[in-house]
Amino acid sequence: MSKDYSISFIRCISMLFIILCHLFQYYENEIAWWLNVGVQLFLFISGWLYANKKIDDYKKFYEKEFKKILIPYYIYLLVISLIYYFFIPDNINLKSFILSLLLIDTLNGLSHLWFIRYIILCYLLIPLINNIFKEKKMSVNSLIKLLTVFLVFELIGLVTKNFFNWTWINCFVLGFFVNRYKCDIERFTKLKMMFLTTSIFLISVKIIIKYCIGIKLNGIFLMIFNKYSNICHLLLCVLLFFLLKKIYSLLKHSTLRERILDLSDKYSYYIYITHHIFILGSLSLFKLIDRPIICIPLIVMLTLVSSVVLYLLTNLLKKIDIVLNEAKR
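A. Here's a closer look at helix H7 (residues 140-159). The end-to-end C-alpha distance of H7, which contains 20 residues, comes to 30 Å, matching closely the 28 Å that a straight helix rising 1.5 Å per residue would cover. Looking at H7, one finds that the buried residues are Ser142, Leu146, Val149, Phe150, Phe153, Glu154 and Gly157. Down the axis of H7, the sector holding all buried residues measures 125°, keeping them to one side. Among the exposed residues of H7, those pointing more than 90 degrees away from its buried face are Val140, Leu147, Leu151, Leu155 and Val159.

Structure, rendered in structure tokens:
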């Protein structure tokens, strides 16, 4: 099967969104909280990709995927922990290090790595989601199941709201569902139009309440509005996914663009892990150089270099692991 470069294109845009989100976040600009939809796009893409992937052995699947996710994370965690220990000791202690290892918390300056435990949970849920949506064709029953899963996950989220936002897990579920029944969904023009108009309406209402009316909410009303905002973010994620997919389909074929997207696919995860430390937190270059025209190119350069180094170290550890496993046999 030929590679779907539209997904690579969306992943690349998502990565740029997240980096820009953190840049705007440093300047406390509200645009940051719209650009962070890049994370939800990553989760939607993951669900989309695993919807039609046949998994015969879940043990081998988890071993492979968890190594892919956790090896670079642990390498980076160790490097940053050593830097903190020797140069910024107030940023680390044994408790924070252990909690980061267990994915319960993140180190100071690495708050973006909350994403790791989310993607791990999404992968753990794949057998359940596969079993729920095992029908070959979409039906009313499939839609009822989807709604039920959404509601159950949102109810679970009321209990785990300080650790997991289950609306983001539902991004993964929705990506899985839409791609599994893609052929059926494409035939339902009215359903697609209803989703489009409803999404635009709900997002518009959020914008009016937050920016035009500016209502001050507290207590349970604030909690309800925050949940409503999360749902709007999920809908925005889906709209952007299909908008970007359509944009890519209109572009003329370009071998150079595909090579760039191949590189993006190769390093996007490593870029995601490494970029944050240079923008926010104790190692922020903005705190050292108060000139964005100089600072931003330096951040880009250091991010690219550190992501390549992390990629190489990860591959080295994987090769060592293969050698050790072969030696045991």
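B. Representation of the pattern of salt bridges. Scanning the entire structure with this criterion turns up eleven salt bridges. The residue Asp4 makes a salt bridge to Lys245 at a minimum N-O spacing of 3.6 Å. Pair noted here: Asp4 is in the segment before helix H1 (5-26) and Lys245 is in helix H11 (residues 219-250), with a separation of 241 residues, a long-range link. Note that Glu135 is salt-bridged to Lys145, the shortest N-O span being 3.7 Å.

C. Quick peek at unusual backbone geometry. For Glu28, which is not a glycine, the phi torsion comes out positive at approximately 55°. Assignment of secondary structure puts Glu28 in the loop between H1 and helix H2 (32-35). Although it is not a glycine, Leu103 sits at a positive phi angle of roughly 65°. Counting through the fold element by element, Leu103 comes out in the loop between helix H5 (94-101) and helix H6 (114-132).

D. Seen up close, the packing of aromatic side chains. Under the definition given, this model contains 35 aromatic pairs. Ring geometry for Trp114 and Phe115: centres 6.4 Å apart, planes at 75°, overall edge-to-face. The class of Trp114 is partly exposed, set by a relative accessible area of 23%. Taking the relative accessible area as the measure of exposure, Phe115 reaches 7% and is therefore buried. These aromatic residues form a ring-pair network of at least three members: Phe42, Trp114, Phe115, Tyr118, Phe153, Phe163, Phe164, Trp166 and Tyr272. When the ring centre of Phe163 is taken as origin, the NZ or CZ atom of Arg117, which lies over that ring, is 4.3 Å away. The ring of Phe164 is capped by Arg117, whose NZ or CZ atom sits 6.0 Å from the centre of that ring.

Reading guide: rules and limits
- In every chain, residue numbers begin from 1 and rise along the written sequence.
- Local features are withheld for residues below a pLDDT of 70 in this predicted model, meaning they are given only at 70 or higher, and side-chain atom pairs are given and counted only at 80 or more; totals for whole chains, interfaces and linings count all residues.
- As a convention, hydrogens and water are excluded, and side-chain values are obtained from all of the structure's heavy atoms.
- Elements are defined by DSSP. Helices are runs of H or I of four residues or more, strands are runs of E of two residues or more, and each kind is numbered from the N terminus.
- In this analysis, the expected span of each helix is defined as 1.5 Å times one less than the number of residues it contains.
- For every residue, the accessible area (1.4 Å probe, protein chains only) is compared with the maximum for its type, and the residue is labelled buried under 20%, exposed over 50%, or partly exposed between those bounds.
- This arc corresponds to the set of directions leading from the helix axis out to the C-beta atoms.
- By salt bridge we mean one thing: a side-chain nitrogen of Lys or Arg within 4 Å of a carboxyl oxygen of Asp or Glu.
- Ring geometry is summarised as follows: Phe, Tyr and Trp rings, the Trp one being its six-membered ring, pair when their centres sit within 6.5 Å, and such pairs are stacked at plane angles under 30 degrees, edge-to-face over 60 and tilted between the two.
- Look at NZ for Lys and CZ for Arg. If either is within 6 Å of the ring centre and within 35 degrees of the ring normal, a charge sits over the ring.

Such coordinate-based values are descriptive only and should not be taken to indicate function.
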